[in-house]
Each structure stands twice: as C-alpha cells, then as structure tokens.
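# Report on the structure
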Amino acid sequence: MNNAVNNGDWSGSWVAERLGVELVGDDGLRALLGLALRRNPKRAHLLVSNVLGKHVPQSPAVVYGHGFTLGRRVRELLGDEEAARAVVVGYAETATGLGHSVADGVGLAPYLHSTRRPVPGVTPAGGFEESHSHATSHLLLPEDPALLAGEGPLVLVDDEFSTGNTVLNTIRDLHARYPRKRYVVVALVDMRSPADAGRLADLAGEIGASVDLVAGASGTVRLPEGVLEKGQELVAKYEESAANGDRPGAAPSGLVAPRGGAAHGHGPAPLGGWTGSRLQGQRPEGARGTARPAPTGPQPTDNGTTPHLTHLTHVDLHWPQGLPDGGRHGFTPAHRIRLETALPAMAARLAEALPPDARRVLTLGFEELMYAPLRVARELEPLVAAEVRYSTTTRSPVLAVDDPGYAIRSRLVFPAHDNPADGPGERYAYNVAGAGFDAVVVFVDSAGDTPELHAPDGLLARLGAHAPHVLLAVVPSYAPALTEESPAMLPEPLRGPAFSSYPPEDVGWLLQDLSDVTLEAPTEEREEAIQSGGAHYAESLPVEYQPSEQYQALFHAALETSAARIAQAVGVVAETVLAERSARPVLVSLARAGTPVGVLMRRWARFRYGAELPHYAVSIVRGRGIDANALRWLADRHEPRDVVFVDGWTGKGAITRELADAIEEFEEREGVSGFDPEIAVLADPGSCVRTYGTREDFLIPSACLNSTVSGLISRTVLRADLVGPDDFHGAKFYRELAGADVSVAFLDAVAARFEEVVDAVDEAVKELAVADRTPTWEGWAAVERISEEYNIHDVNLVKPGVGETTRVLLRRVPWKILARAGAGADLDHVRLLAEQRGVPVEEVGELPYTCVGLIHPKYTRGATGADGRAVNV
C-alpha cells in the first residue's frame, strides 16, 4: 500500500485537506477513485469512481472493460461448469451496468439487478436494505420466479465493497429463501476497514456456504474522529453561501458549472479530456475555483435571454422487439445474443444522427438504465471521429465544488421524470455542465419519457443550456408477461398496402382481416334485426354507400374550405396531448372514424418535431367494449400510460363512457394498470372530454364518406363465429373501391395547411392550458331531452353532431334530421343525402349541435312514424 499520487494531482485532495480523510491502498487506487461530500446524514464522504460511468464521464470502452474483466476473473474462479449454473445479481442504481458487464464476462450466466421501481403484477423474489444509502429499499423482480431458485453460485456485484452491510443483508435474505453452497462478491474496489474485513468469513460460517471476493483494487479510507459532523457542517456552509449568492458555495438546485466552463462548446473547457487524463495520473487543467451558486432555472445568457432547448433530435434505435432493456426482470444468455446482433445497426443509426462536426459527445444514461446506453456507446466509439464519453443521471445528492482537486466539479439538477414510487424529487447529472460537449445523447426507457423530462426545467432543457445538440433515444421499457397466455401469441398489426390504402408507417391495424367473408346486408334488414334485438350492429356491415358525382363534388368543396380549420384542430389536440399526456405518446385510434385523425396527429408530430409516433387502430363496440386482445398487445409492447386513445369527434359521449368502463374492467381482470381512458378528439361538441382540438360542431370531411376516406377499411366486426376469444376484432379491406379512394388525398390536403396554422395553434394551446375544460356532458343532456320530446325513448337512436348525422344517413334508416336554424354550408352534404333518401330536415331554434340525426324508432320495413306505423310525412 502506498500514497504514490500526490494530493495536488488527485481529485480527492479537496476533501482530504478539509476533513483529514486519507485514502490508502493499491497502486493506482487514486486513479480509480476521487472524493466528494454527500448531502447524507449517514455518511459524509462519497468515493467517486472514475471508471464506473455514473458520476464521471468516461470512455465507454474503459467502463465496460473494467466490468467485463471482473467477469472473466469470476469465470476463472468458478470454472465453466459452475459458471454455467451461476446467476449474477447487480445493485441498483449504481451497479446495474457494472453487474451486467460482469455477467457478460462470465458469459454463461443470466443477469438480474435489484430495482427501486415497483412493477405492478410482478411479485418480488426478495428484497433488502442498503443502510448507508439515501434511498435504501431494493427489490428483486425476476420475470422467471425460478431464476434465483437454483443451487448454482450467486454472484453479487457492487461498485464498492465498504462496510459489507449491503452484501450481508442480501445474502441473508436470499439464503433464507433460496439456500445454496457458494456466493461470490464482486466489486471495483474493496474498501473495507480492518474491523469489517472478517465479516464475510463470519457470514460464511453462519450460513454454511463459501463466500469469495473478487475486486479490481483494494484499500481503505481512514476517517478522523467527528468526520460525519464536520462533513455536514462543511456541506451546510457551502450550500448556505450558495443560497445567499456568495462564494464559496454550491447550489442545492439548478446548475453548478465550473469557472471557465464552456456552454455550447465555445471557449476553454476545463473538464474536456479530464476523465481520460486522470487515469494516467495527469493533473486536469483549470483554476482551483469554488462551487458556484445557481438559481433553479436555466441561466441568463450574455444578452439577457434565457437558454432553452430549441431543438431535440429523436433517435429511433430500432431496439429489438421484446428484448429486455436491462436486467430489472432478468437478462439471459439468449437475450445477450440478440443484443450483440442488433448493436452494430443501433450504433450506426446513432452515429448518423450526430452532428458531423461534433468533437466531443456524451452518451447519458438514466439512473438504473446504465447497460443499454453503455453498450450502444461502446459500439459508437469506433464509428465516429468525436471523443465519446459515457455517464448516467443519479438520485444521489452530492455537493459540487469547482476545484480540480474535487471529484464532482459541476451539477445539473432537474425533477424526477419517471413517476417514481417514492414520489417526485430532485435528480442529478454530474460533471456534464462546462465539460465542452458538442452533443449529448440522452437514453431513457419509455417509462422515463414523460412530460417532466421535456419540461422547461427538465433534464433535456438543462442539457440544452450546455450543449448545442441534444438527442433523445428511448428504449422500450420491458414489461414481463404476467400470465401463461402470452400476448406474443397475438399477430402483428396489419398494415398497408396489404390491409388498407394508408402507407404502412401511418397506422398499424390491431384487427383481423375478414375481407373474404360476406358480411354486408341491406340497411333496412340490418335496422330491423338490430332494433328487434335479433342482432347486434357489429355482427354485420351495411352495404358501402357509393356517392354520386354531386355528393363527391360536395366532399371536395368541403375539404377545400375546411382543410385549414381541420389542420388547426389537429395541431391543437396534438400539442395538448404532447404537453399534458405524454411526450412520446402511443396513438391508438378507435377504428375507424378515429383513424384519419390519429394519422394526422402523427403527421403533425413529425412536421413540428421530427417525431415518429407509434399509431395503431383498435376496435371498440358499443355494448361490448374495447378489444381486450388489442389492449393486451399494447400493454405487452408499450407503457400503458403512454397510450392515448383517439377518435374523430364526440356526439353524446356514449363511446367515451364505453371506453372508461371497458378499461376499468380490463385492468381489474388482467392486473394491468396505467391506461388513461379519456379520448383525445378533433371536435368535442358534446363537452365529453378534456383533450380536444375544438368544441365547435363543424363539418369534418372524413365523416362524409365511409371506407373511401378511411383507408378502404370497413366498420369493425365482432361475431362469435368469426372472432374467437384470442382473436382481434375483424374488419374488411375493400380493395375493389380503390378507384374512389380519397383517404390519402384527405390527409395530404389537411397536412399541407400545417405550416400556415402554427401560430394559431400555439395561441389556442396557450388559451386551453388555462381554460376550464371540465366536461359538462351538455350533449348527453340534450340527447335525453330530444329522445323524450320526439317520443323515441332510446338515446341510442339519437345521433348528435354533423359527423353522427352523416353516419345515420349513410348507414342506418333515418327518420328525420334536426338542423339548427341558420346552419350554413356545413350542412350542404346532409341536406343532399336527406333529399336523396326522402328524409325531412326540420329546423330547430335551440340546439347545442349544428344538427342531430334521428334513427327510425321501432323500425319495421315500411314504417315511417315514431309508433312504427306508416304515416304521411
């Protein structure tokens, strides 16, 4: 043991000089570790690893190499036969990536890491406490309950082995549940005191098993008497001076950047090259400064403006479907093979997205999500000319001091963005501000891609103040299969041109193709069967209405005059969803009226932000609910809380209520949670939802036609002899109507007006953000009143709004149309259809909708009156 590296060259010297702390041990130990002060009542100092990739940006090859090498040593210790029976377990959050790298070095063993994120429906296989940590409770949540139940060796991996308490707690807990004969403890550094050195041997004797230790380096920290109190006083002093705007000081929130640090890569960067040079024992450049105070928001620039994230580049890695994003629920050797196969292509996509002139790039992981970004970063490193560095965000609060003799030179503070079980709080990124990065690639799992991440005080905005380019790569959060009936049995979505005339990227249909089945029946026959109770409307299809030339001319005229109006409503509802529901929503349209709106919202996100949002169409049937198999498919592949259901418009709100009831029933039955049943609609004249583009009742041209404006897809079908319990609901693709199809033309006409409505959209979104949008359900009240006034006594036969009225005229047996007095061109197509079908149009003075369609009550063929008997009209 020696102290070969002088204090002046060591990133622990600042703490050592002020607290009298000594770090002694193997040659090179000080190159591996620095010191910082914690805001933690249990331990004053923090050992800061230069090769872990948590607090100090480091070459991903260096980070991965240390873990992999330790794994090779474990394999040599165990031998191949025992290594193949082993299980490797890493500790959250700091050692999740290290543990996974060790497992790669072992090569034959599955990997599991502990987590502080509970997952609904997954039963913990164990848990333990980390006594010195600021966040103590750990859970083990393997997807396969048998993962820990074998008798092979258990390999426990942490970044440092200090007191040994965490490891002792883990072994005791797991040995009581799953006894075995051998344990191996792995750490980058073994820093036990002489008093703690014998505790592993004592534990081995206590449980009757062998316990080995593999460490990269060893040493100890000598702490003088009263160091905890002295350290707390020092932290308090610096934070108080920061709060008062004095120096020295350190900010409890906001950012702390080194003096002379370069925002946006301009000027000298004291941290540039810092992490690499320290391993060679070189002194980093930069003055011996002090910690800086900082306000909670982004800092004013020289011209008085406030920096913010003006552009975010989304990088779609094409993460392999069904591949776990890490070891939270287990990662097997088979998973490892899939990942190794996919890594080159993922790194190439990221390299292509980076600015070509970037000289210094940071890949930034997210708390427990350390391994996936580490592996992509390591693969990226040889592909680009830029210097690539890797680190991750953390929960751990540490004092930042602008001094080359201190390990944490700067701190970015931002709110938690993954809805943590322990509630909101601060999160941190260290040694990023002022480090001269030209681009920062942020990796999060989809559970962490929330509005908080994209907020003005969120991580992305904080980074945008220090790097000219910020990129976001979202890795799908892995959801374990909770039942034996695996959602993987369900087919992949149908896509055009094989199913629908929409381009394949516009929408995936979670439906089965019934195109070869004859399902159409004359409208009158369907209406009689439905109203007599002999059939449900979803068991058959109406004959597709083919519009006359006069009607088609009306459609095109309506589209020309309303395209900008629709574009604005699309923009408003899309922006509202992005701001309030999810920063990376999964759009799920209610087929089929919602599908064109979902496609347009997807196109808006691409137009405005370059984002490619997932979009699917699912079936919902009044009285039968939403397709439960489609929900299972979505829950298996996406975070349910990211799902946003989309429809064209609300009438009286029947589907809104149907969806809410169906989601509640599904989640209770399946043990899945997180779906938000509130629909996002283009128009909400019935005041049934909070997320809408407008509440005006106006003509939406996609309501004027049937399949020929909806990708040539029929209404959805649910019939027991065609749709089994494990099938998606069905629909038909009317390929034969391609000559009359205007589906894509409608989308293109609306999207062409996006540019001109941007300002109006932004203004409307601002107004909606502060408006009272609480649903009043006035539409439902009006429908009930009309049902009684016209002696119908069935709200299902009253269809309010322009869209629903059009549907009545196209697909049902209409009785009469109620039109608001003075309604203009929005009703031209309704009047034409009514004239063609011999349906009277009655003007009404007080009507909350532009029009209301009344389906013929008590229908039998030949009837025209409310009592079911023929009368003169």
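First, a word on what this report is: a plain description of the structure on this page.

Procedures and definitions
Residues numbered from 1 in each chain as written. Predicted model: local features only at pLDDT ≥ 70, side-chain atom pairs only at ≥ 80, totals over all residues. Heavy atoms only, no water. Helix = DSSP H or I, 4+ residues; strand = E, 2+ residues; numbered from the N terminus. Expected span 1.5 Å × (residues − 1). Bend = angle between axes of the 7 residues up to and from the residue. Buried < 20%, exposed > 50% of the residue type's maximum accessible area, 1.4 Å probe, protein only. Salt bridge = Lys/Arg side-chain N within 4 Å of Asp/Glu carboxyl O. Arc of directions from axis to C-beta. Contact = heavy atoms within 4.5 Å. Pairing = 2+ DSSP bridges. Axes fitted to C-alpha atoms, helices over the stretch in contact; angles between N-to-C directions.

## What to know about helix α20 (residues 754-770)
- With 17 residues, α20 ought to run about 24 Å at 1.5 Å a step, and its terminal C-alpha atoms sit 24 Å apart, in line with that.
- Remark: the principal bend of α20, roughly 35 degrees, maps to Ala 760.
- Listed in full, the buried residues belonging to α20 are Phe 754, Val 757, Val 758, Val 761, Ala 764 and Leu 768.

## Some points on the pattern of salt bridges
- With the rule as written, the count across this model stands at 42 salt bridges.
- Ionic pairing is found between Glu 340 and Arg 375, a salt bridge with its closest N-O pair at 2.9 Å. Taken together, the residues span a long stretch of sequence, with Glu 340 in helix α10 (residues 333-353) and Arg 375 in helix α11 (residues 371-380) at a distance of 35 residues.
- Arg 375 sits in the buried class, given a relative accessible area of 2%.
- The closest approach of N and O atoms between Asp 449 and Arg 584, which form a salt bridge, is 3.9 Å. Residue Asp 449 is located in the loop between β17 (439-445) and α12 (451-454), and its partner Arg 584 is located in the loop between α15 (549-580) and β23 (586-591); the two are separated by 135 residues in the primary sequence. Note on accessibility: Asp 449 and Arg 584 belong to one class, buried.
- Shared partners join several salt bridges into a network, and the residues in it are Asp 104, Arg 336, Glu 340 and Arg 375.

## Brief notes about the environment of Glu 736
- By the element assignment, Glu 736 lies in the loop between β29 (730-731) and α19 (743-751).
- C-alpha separation for the pair Glu 736 and Leu 712, spaced 24 residues apart in sequence, amounts to 9.0 Å.

## Topic: helix α7 (residues 199-207)
- Every buried residue of α7 is listed here: Leu 200, Leu 203, Ala 204 and Ile 207. Down the axis of α7, the buried set is contained in an arc of 100 degrees. They therefore lie on one face. Every exposed residue of α7 that faces more than 90 degrees away from the buried side is listed here: Ala 201, Asp 202, Gly 205 and Glu 206.
- Looking at the packing, one finds that the buried side of α7 touches β8 (154-161), α6 (165-177), β9 (182-190) and β10 (210-222).
- Just beyond α7, the residue with positive phi is Gly 208, at close to 70 degrees.

## Side note on the sheet that holds strand β12 (residues 312-315)
- In spatial order, the strands read β12-β18-β17-β13-β14; together these 5 strands make up an open sheet with parallel pairing. On the outer flanks of this sheet lie β12 and β14 (387-392), each paired with one strand and no other. Along the sheet, successive strands turn relative to each other by an average axial angle of 25 degrees, direction set aside.
- Two elements, β12 and strand β18 (residues 469-475), share 4 bridges in a ladder whose sense is parallel. By the bridge assignment, Thr 313 is partnered in β18 with Leu 471.
- Lying on the sheet, α10 is in contact with β12, β17 and β18; it crosses β12 at an angle near 160 degrees.

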